[in-house]
Amino acid sequence: MNTFITAPGNPGRIRASSPPADFGLPVRTLDITAAWRSPATATLLAAEIGRRPGNLHAHMQRISIWQKLGNPAQTAAAVIDLWIALGACGIELRTRVLHAHQAALEQHNLDIYLHARLHRGIDRHAPEIALRGVVLATPVEGSRAFLRPTAASRIPGPAPTP
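Residues numbered from 1 in each chain as written. Predicted model: local features only at pLDDT ≥ 70, side-chain atom pairs only at ≥ 80, totals over all residues. Heavy atoms only, no water.

Asks: How should the overall build of the protein be read in this particular structure?
Replies: Tallying secondary structure elements over the protein gives six helices and four strands in all. Each of the 162 residues in the protein was classed as buried or not, and the buried ones make up 31%. At a minimum sequence separation of 6, the contacts of the protein that also span at least 24 residues come to 50%. Total accessible area on the protein is roughly 10500 Å²; 57% of this is exposed by carbon and sulfur atoms. (Helix = DSSP H or I, 4+ residues; strand = E, 2+ residues; numbered from the N terminus. Buried < 20%, exposed > 50% of the residue type's maximum accessible area, 1.4 Å probe, protein only. Contact = heavy atoms within 4.5 Å. Areas by Shrake-Rupley, 256 points an atom, 1.4 Å probe, with all protein chains shown as cover.)

Asks: Looking at this structure, I do not really get the nonpolar core. What am I missing?
Replies: A general tendency of soluble globular proteins is for nonpolar side chains to be buried together. Core analysis: the biggest nonpolar cluster contains 31 residues, and Ile 80, Ile 84, Leu 114, Ile 122 and Ile 129 have the highest contact counts within it. Where this core is concerned, the elements lending two or more residues are α1 (39-51), α2 (56-68), α3 (72-86), α4 (91-100) and α6 (111-116). At nine residues, α3 tops the list of elements feeding residues into this core. Apart from residues lying up to four places away in sequence, Ile 122 is in contact with Ile 80, Trp 83, Ile 84, Tyr 113, Leu 114, Arg 117 and Ile 129. (Core = buried A, V, L, I, M, F, W, Y, C linked by side-chain atoms within 4.5 Å.)

Asks: Whenever I open this one, the packing of α3 against α4 confuses me. Can you help?
Replies: Packed helix pairs are characterised by how far apart their axes lie and by the angle those axes make with each other. Close contact between α3 and α4 brings their axes to 11 Å; oriented N to C, the two are set at 170°. What the angle tells us is that α3 and α4 run roughly antiparallel. Note on element contacts: α4 touches α3 through Leu 93, Arg 94, Val 97 and Leu 98, opposite Val 79, Leu 82, Trp 83 and Leu 86. A breakdown of the residues in the contact of α3 with α4 according to their chemical character gives seven nonpolar, no polar and one charged. (Axes fitted to C-alpha atoms, helices over the stretch in contact; angles between N-to-C directions. Parallel < 35°, antiparallel > 145°, perpendicular 65-115°, else oblique. Nonpolar A, V, L, I, M, F, W, Y, C, P; charged D, E, K, R; others polar.)

Asks: Can you walk me through the packing of aromatic side chains in this structure?
Replies: Think of a pair of aromatic rings as described by two things: how far the centres are apart, and how the planes are tilted against each other in angle. For the structure on display, the rule yields zero aromatic pairs. The ring of Trp 83 carries Arg 94 above its face, with NZ or CZ at 5.3 Å from the centroid. (Phe/Tyr/Trp six-rings, centres within 6.5 Å; stacked < 30°, edge-to-face > 60°. Lys NZ or Arg CZ within 6 Å of the ring centre and 35° of its normal.)

Asks: Got a minute to help me understand the pattern of salt bridges in this structure?
Replies: Two side chains that carry opposite charge are able to pair once their charged atoms sit near each other. Evaluated as defined, the whole model comprises three salt bridges. Close ionic contact of Arg 62 with Asp 81 constitutes a salt bridge, the shortest N to O distance being 2.6 Å. Of the two residues, Arg 62 sits in helix α2 while Asp 81 sits in helix α3, which places them 19 residues apart along the sequence. One exposure class covers both Arg 62 and Asp 81, and it is buried. (Salt bridge = Lys/Arg side-chain N within 4 Å of Asp/Glu carboxyl O.)

Structure below.
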């Protein structure tokens with residue numbers, strides 16, 4: 001038995017090792033095992049991406065699931081979500097994903113669109129990326145501020161000097 005936490009002075013704290021889990025899915029690998037490959041799993045990952053867009057691991061697992069299930073429309077949607085989350089960062093990852101899933105992106109005429117925006121990323125408000133299944137895109141031009149600071153919530157600073 002491999003121990004996860006060892007405490008020689010307190011043997012009651014010793015517990016068996018277990019892999020970390022997210023929604024009950026093993027998260028140590030980017031490729032989901034065949035037992036977990038289903039649209040329901042991809043939907044759970046999409047919900048996680050909606051809550052935490054910066055979870056790149058969930059993005060890659062979702063792309064992997066849809067690609068293995070042979071659903072190019074959902075694969076393209078998952079790739080778009082990854083691109084939105086990356087913003088202008090992660091050019092190497094965007095390049096690898098673009099080349100690996102070019103066939104799925106071609107079916108929606110997104111391969112040329114994404115290739116032209118490889119260095120600067122894509123805008124989540126662009127109508128070209130509003131596919132069914134894209135979680136992070138909002139095909140409405142402009143941005144909305146849902147929260148605004150009020151005068152009561154501002155922390156008073158030092159008094160102005162005359």
